[in-house]
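Reading the structure
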Amino acid sequence: GQLYVLDDRANHGCFALGNSALHIFRRDGSYERTIKPFPAGIAPERVKATGAFLDGEGRLVPLIHRVLSMTVYPYEDYLWPQQFGLTPDGRALLAVVPPTLFAEAWTPHLALVDPDGGISQESYAGPALGKGLAWAIPSRKDPNVMGGPALAVGAGGKFAYLVGVAVREQNLPAVYRVPLPARGPAEVFFGDPGAAGSDERHLKDPQGIAADGKGLVFVSDRGNNRIVVVSEADGSFAGSFHVDAPSWVGIHNRSGAVYVRSGENVLKFSGFREPKELARLALPPRGTDDPRFRWSLALDGTADPT
């Protein structure tokens, strides 16, 4: 019942790039806490991986890793909106990059932040996901295309699945898998990074991803106007159904209902084996034609109503 919100305008300054805040709200909209940046009263050993240290009077001092971004973490957040993941125990899985303006600035890494703002691992971020890989860059023309990284944590929290990985700014037609909590390196889980297609082994411009917690991964295969369902056990094709230009996808893990953003609408389907459209919600006007302003959606499947 907690809503995690990534605020990429946390510093309200054009130079504070790659430095986001992560807030947690309750269902009634009230603020609960901020876990990124880490709270001032956290135990020093919980944020040792960020470089924070105690001064001569025993006060916790954050280490600023790059003045341009004013980040207190050794890696910076992906510059544009991302669909981050959540583990079963409430840790946030974030797409991050090294703190530099040079070519390696797009090298993809994954970071984990605990529900109290601490870092359980020895390092804030895991290894580079793969040689030559980068995070995809959103479309500058179409606000219906997410374009950047989308992450989902599989059943039991042992693996994370992601789309929005690129080579030379070209979104690769594949789903990647990384082990948790190691967070890398990544391996191709489904699709072929070198060839797009529309059959039961290929994808074309995947945009969103979700896991149902029961062993299935759902992929918004936007280029083929369909949702593709893949088995976590062996990466095999489990099914698909038609949706016009899908981007975000969410799964109600108790009922199996599938929620999909299609253009400026969110559609609800009964499931993927015999899909039937049950409801359609028109999203409110965004108030701008600027494609940088995009919808970010999350499904609360434990609420009643959903």
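None of the values given here were measured: they were computed from a predicted structure.

What holds strands together in a sheet is hydrogen bonding between their backbones, with the strands either parallel or antiparallel. If you walk across this open sheet you meet the four strands as 17-18-19-20, and the pairing is antiparallel. Two strands close off the open sheet at either side, each with one partner strand: strand 17 (206–211) and strand 20 (237–242). With direction set aside, neighbouring strand axes in the sheet form an average angle of 20°. The pairing of strand 17 with strand 18 (residues 216–221) spans four bridges and is classified as antiparallel. Each residue of the ladder has a partner; that of Ile-209, found in strand 18, is Val-219.

Moving on to the packing of aromatic side chains. For the structure on display, the rule yields seven aromatic pairs. Here the aromatic rings of Phe-25 and Tyr-31 are separated by 6.0 Å at their centres, their planes lie at 75°, and the arrangement is edge-to-face. Take Phe-25: its relative accessible area is 22%, and that puts it in the partly exposed class. Here the aromatic rings of Tyr-73 and Tyr-124 are separated by 4.8 Å at their centres, their planes lie at 35°, and the arrangement is tilted. Taken together, the residues Tyr-73 in the loop between strand 5 (60–61) and strand 6 (76–77) and Tyr-124 in the loop between strand 9 (109–113) and strand 10 (134–135) connect sequence positions 51 residues apart. In this pair, the class of Tyr-73 matches that of Tyr-124, namely buried. Over the aromatic face of Phe-159 sits the side chain of Arg-177, whose NZ or CZ is 4.2 Å from the ring centroid.

As a further point, take the pattern of salt bridges. Taken as a whole and judged by the stated rule, the model has 15 salt bridges. Between Arg-59 and Asp-55 there is a salt bridge, with the nearest N and O atoms lying 2.8 Å from each other. The exposure class assigned to Arg-59 is partly exposed, which follows from its relative accessible area of 49%. Given a relative accessible area of 22%, Asp-55 falls into the partly exposed group. Across the salt bridge formed by Glu-264 and Arg-261, the nearest N and O atoms sit 3.4 Å from each other. With a relative accessible area of 29%, Glu-264 lands in the partly exposed category.

About the thresholds
- Residues numbered from 1 in each chain as written.
- Predicted model: local features only at pLDDT ≥ 70, side-chain atom pairs only at ≥ 80, totals over all residues.
- Heavy atoms only, no water.
- Pairing = 2+ DSSP bridges.
- Helix = DSSP H or I, 4+ residues; strand = E, 2+ residues; numbered from the N terminus.
- Axes fitted to C-alpha atoms, helices over the stretch in contact; angles between N-to-C directions.
- Phe/Tyr/Trp six-rings, centres within 6.5 Å; stacked < 30°, edge-to-face > 60°.
- Buried < 20%, exposed > 50% of the residue type's maximum accessible area, 1.4 Å probe, protein only.
- Lys NZ or Arg CZ within 6 Å of the ring centre and 35° of its normal.
- Salt bridge = Lys/Arg side-chain N within 4 Å of Asp/Glu carboxyl O.

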